[in-house]
Protein chains: 2
Amino acid sequence: MSTTNPQFLEDFAAMSGFGATPGGGVDRQAGTPADHATRQWFGEWLARHGYPETVDEAGNQSGTLELVPGAPYVLVGSHLDSQPLAGRYDGAYGVLAAAHAGARVAAEARAGALDPVYNLAVVNWFNEEGSRFTPSMMGSSVFTEKLPLATALATTDPAGTTVAQALAAGHRPADADAPVLAHIARYAEIHIEQGRNLEESGTQVGIVDRTWAASKYRVTVDGAQSHTGATRMEDRRDALYGAALVIAAARDLAAGFEPGLLHTSVSEMYVLPNSPVTIARQVLMNLDLRSPDEDVLARAVDLMGKWIGDAEERSRTDIRLEQTHRWGLVAYQPEGVALGIASAERLGFTHTDVMTVAGHDSTNLKDVVPTVMLFVPSVDGISHNEAEFTRDEDALRGVELLTEVTRRLVCGGLETQ
Amino acid sequence: MSTTNPQFLEDFAAMSGFGATPGGGVDRQAGTPADHATRQWFGEWLARHGYPETVDEAGNQSGTLELVPGAPYVLVGSHLDSQPLAGRYDGAYGVLAAAHAGARVAAEARAGALDPVYNLAVVNWFNEEGSRFTPSMMGSSVFTEKLPLATALATTDPAGTTVAQALAAGHRPADADAPVLAHIARYAEIHIEQGRNLEESGTQVGIVDRTWAASKYRVTVDGAQSHTGATRMEDRRDALYGAALVIAAARDLAAGFEPGLLHTSVSEMYVLPNSPVTIARQVLMNLDLRSPDEDVLARAVDLMGKWIGDAEERSRTDIRLEQTHRWGLVAYQPEGVALGIASAERLGFTHTDVMTVAGHDSTNLKDVVPTVMLFVPSVDGISHNEAEFTRDEDALRGVELLTEVTRRLVCGGLETQ
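About the criteria used
Residues numbered from 1 in each chain as written. Chains lettered and ligands numbered in written order. Predicted model: local features only at pLDDT ≥ 70, side-chain atom pairs only at ≥ 80, totals over all residues. Heavy atoms only, no water. Helix = DSSP H or I, 4+ residues; strand = E, 2+ residues; numbered from the N terminus. Buried < 20%, exposed > 50% of the residue type's maximum accessible area, 1.4 Å probe, protein only. Pairing = 2+ DSSP bridges. Axes fitted to C-alpha atoms, helices over the stretch in contact; angles between N-to-C directions. Contact = heavy atoms within 4.5 Å. Buried area = accessible area lost by both parts, 1.4 Å probe. Salt bridge = Lys/Arg side-chain N within 4 Å of Asp/Glu carboxyl O. Polar contact = N/O pair within 3.5 Å; in protein donor to acceptor, adjacent residues only side chain to side chain. Least-squares fit on C-alpha atoms with pLDDT ≥ 70 in both. 1 Å grid on protein atoms, 1.4 Å probe; cavity = no way out; pocket = protein on both sides within 12 Å on 5 of 7 lines; lining within 4 Å. Points joined across faces, edges and corners; volume = space filled by probe spheres on them. Nonpolar A, V, L, I, M, F, W, Y, C, P; charged D, E, K, R; others polar. Domains from an automatic or database assignment.

In the nomenclature of an unreviewed UniProt entry, chain A is known as M20 family metallo-hydrolase of Arthrobacter deserti.

Just checking my understanding: could you explain unusual backbone geometry for this structure?
Excluding glycine, residues mostly have negative phi values, and the peptide bonds linking residues are mostly trans. Omega for the bond connecting B:Thr134 with B:Pro135 falls within 30 degrees of zero, at 5°, which places this linkage in the cis form. When you line up the elements, B:Pro135 lands in the loop between strand 4 (119-124) and helix 4 (138-143). Residue B:Leu272 is joined to B:Pro273 through a cis peptide bond whose omega torsion reads 0°. Residue position: B:Pro273 is located in the loop between strand 10 (269-272) and strand 11 (278-279). The phi torsion at A:Asp380 lies on the positive side, around 60°, for a residue other than glycine. Mapped onto the elements of the fold, A:Asp380 is located in the loop between strand 15 (371-376) and helix 12 (392-410). Residue classification places A:Asp380 among the partly exposed residues on the basis of a relative accessible area of 46%. A positive phi angle is found at B:Gln194, which is not glycine, with a value near 60°. Its relative accessible area of 3% is what places B:Gln194 among the buried residues.

Help me understand the sheet that holds strand 15 of chain A in this model?
All names here are of chain A. The mixed open sheet is built from 8 strands, whose spatial order is 1-2-4-3-5-15-6-14. Edge positions in the sheet fall to strand 1 (53-55) and strand 14 (351-356), since each has one partner strand and no second. Going across the sheet, the axis of each strand differs from the next one's by a mean of 30°, ignoring polarity. Packed onto the sheet, helix 10 (residues 334-347) meets strand 6 (205-211), strand 14 and strand 15 and runs at close to 170° relative to strand 6.

Looking at this structure, how should I read the interface of chain B and chain A?
Tallying the contact residues gives 60 residues for chain B and 60 residues for chain A. Counting each side, the surface lost to burial between chain B and chain A is near 5,400 Å², with a carbon and sulfur contribution of 50%. Taken together, the links from chain B to chain A amount to 6 salt bridges. Joining chain B to chain A, the criterion identifies 35 residue pairs in polar contact (both at pLDDT 80 or more).

Explanation requested: the relation of the copies chain B and chain A in the structure shown.
Mapping between the two chain copies consists of a rotation about an axis together with a translation along that axis. Take chain B, turn it by 180°, move it 0.1 Å along the axis, and it overlays chain A with an RMSD of 0.1 Å. Those values place the two copies in the arrangement expected of a two-fold rotation axis. Ranked by how close their C-alpha atoms come to the rotation axis, the residues of chain B are headed by B:Ala244, at 2.2 Å. When the interface residues of chain B are mapped onto chain A, 100% of them again fall at the interface, so both copies present the same face.

Explain the layout of surface pockets here, please?
Gaps left between atoms show up when a probe the size of a water molecule is rolled over them. Of the pockets and cavities examined, the largest pocket occupies roughly 860 Å³. Residue lining of the largest pocket: 37 residues in total, with A:Asn274, A:Pro276, B:Thr134, B:Glu268 and B:Tyr270 positioned closest to the centre. Counting residues per element, the lining of the largest pocket draws most heavily on strand 12 (residues 282-291) of chain B, which supplies 5 residues. A per-class count over the lining of the largest pocket returns 17 nonpolar, 13 polar and 7 charged.

How should the side chain of A:Thr211 be read in this particular structure?
In this fold, A:Thr211 is placed in strand 6. Contact partners of A:Thr211, with chain neighbours within four places excluded, come to A:Trp327, A:Gly328, A:Leu329, A:Val330, A:Tyr332, A:Met355, A:Thr356, A:Thr363 and A:Lys366.

Please clarify how the sheet that holds strand 15 (residues 371-376) of chain B should be interpreted in this entry.
Sheet strands pair by backbone hydrogen bonding; their relative direction is either parallel or antiparallel. Residue and element names in this part refer to chain B. Taken together, the 8 strands give an open sheet; going across it, the order is 1-2-4-3-5-15-6-14, and neighbouring strands pair in mixed fashion. Strand pairing shows two members of the sheet lacking a second neighbour, strand 1 (53-55) and strand 14 (351-356), which therefore form its edges. The mean angle between the axes of side-by-side strands here comes to 30°, regardless of whether they run parallel or antiparallel. Across 6 bridges, strand 6 (residues 205-211) lies against strand 14 in parallel orientation. Residue pairing across strands places Thr 211 opposite Thr 356, the latter belonging to strand 14. Contacting strand 2 (61-65), strand 3 (73-78), strand 4, strand 5 (184-192) and strand 15, helix 3 (residues 92-110) runs over the sheet at an angle of about 165° to strand 4. The strands that helix 10 (residues 334-347) touches are strand 6, strand 14 and strand 15; relative to strand 6, the one it contacts most, it runs at about 170°.

Please explain the domain arrangement of chain A as it appears in this structure.
All names here are of chain A. When its domains are assigned, chain A resolves into domain 1 (6-211 + 330-416) and domain 2 (213-327). If you average the C-alpha positions of domain 1 and of domain 2, the two centres end up 34 Å apart. Every contact between the two is made by 8 residues of domain 1 and, on the other side, 7 residues of domain 2. Of the roughly 640 Å² buried between domain 1 and domain 2, counting both surfaces, carbon and sulfur atoms make up 59%.

Shown next as structure tokens:
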């Protein structure tokens, strides 16, 4: 097989021009003009390659290739939206790889070289990142009926714009005939690893077998406004000090476990009133705990509760935790993992089973249909950063692997192996 | 003398209706509709009491009372703008007290009961609070030529509105004949204490003799964006964690000195990119250190520098401090303090010398003309909070004291004592 594919690299470079940043990355948060421009470019790419394009009411953009009239679909894809000042690969690589893989498999089927039992669709899920509109994985959550469409459409960004308004500003309205969950039989997705396991072990591709467990919270710290200069230190009920203690505690908590057993973070914060001369009355922030071990996560959540009690006492504030997401150590279907491994071996790629720490749209899809999730190496594991990078040979190897996986899925590979 | 003055209390209640909040306070940040409405009401009050109203180009609103044609002015005032969700007294009490004091002294002078050597003006300084437009004490800084007018007018709020635009939206444009620094001979201001010294010592009024020393900084914490879930803890360069360590260090620093010797705070923070799944690449925040002892402040600044080095190392971030304000332990003119004391004794009020921790417009004015700064008690010292409260009898005692001080200043009291 070949790992040269100049057309893929050329398309990838063209796509990376939308929302391009001076630092070599992209900035195309969901529903912004840069996201819409990328979607329009992708719609035109689909049209040129014989995929009729549709958009569903949650903003998910699909291209379908009919191979077996009336049969369910194998869906392959990822997302084109990005974090602010993000890298070029996260999501977008997987969408373009799916489009190339689908086109190749369809051509083979139409040439009579394959015996398909399913139709084929590629998808760009709306708002996987969740930086502008929370929660993340919004489009695939609506598609898999975990999130009501109306809730998603009414979600606002910090400026008060709703998802419905952001979508209406885009390049096309929703179509009645967009793919729906009932028509989907299989899902596949490829993504850069966003970690260093493949790179450090010198492995060419990863087959994702599990997601880390995660508990995510909204943290509210309530203090009392007062004058930053005049108020005696012992009289203060400083919400920002309370928040700082929580941030430091989350970090210390992770340091108390073996490296790699617990990841903790706080990354989003709103301070009220956020004035240079008034002590904060309230801080709202997120708190994210993840582990590859459910027991570790449970112990960490328990410890965090105690440490938050200490933070309340020291800062004379009231701190509330409200769980916003929770997922356990969920396995991908073993038959999908086996199909991924067989595909890698067929192509002669070194491979390993890997866990994903990050959530992906496949996290939603695997709960409703058999799903194959693939990784390619990511240099230094840099992610959500303009410096994110995957070498061309790794990116192209991934396209080959996804093509083989798609080929097998379309031909009923999960049924027959 | 009398400490009943129903008209003052009635005016104060009417004024407190502008920008009134459900929590019993006011919210009228500089140049907002609520601030403009208060200014318009005050302009009408001035007109009804025979003060021609003028507004200067920096938005300072004055009413003048001519007693001695061609003579310089005794200026008395404070500010009507507030912090967000603030109390009713901060600033506004001093403006209304000045207006009442001025009207009474003018009436006495016009009735032949006084022998004035100066004219009289009351002032509402624009944007003392600095919460919407930084820096604070903006109007009095322009008036005293510490801040160029053009710089003030070009200052933007977080939404990008300039001071010039905010002023243009107000009730009247600038007048050519507004008071200017060259015409001012004396300044007096009264304010609630924003501390508990008067209350705890059971003293009726305070004569301010010094300001605490202060060093204020802009803090920039530079880290690197990465994925909150996937990035290994040891690879993180989390700017928000670095910021949290600085906030905790500032607090610990204050705890290392005797109570009341050092006040520290961080109260304003901007996180980039502020996303739930991306580690912060940069945090911008303020840092404020204040002390009644210059040596303590110098030691604190020195220690803080060392602790910031530790925070950088622990968080793998780069932390820069840039000084934005610095003032020493500055004395008010002793002859002004003496005049304040003599006025309190004349009225039979218990009094004490006090320091001010907070900055006031008088902090600017005392650098250019002899200035008298007075305090009245503030219950529990609560400040920049809707619960801020001064008892009517204390507020009225303050009006009496400011009237006596104004009377003496207008009659050349500083020259003759």
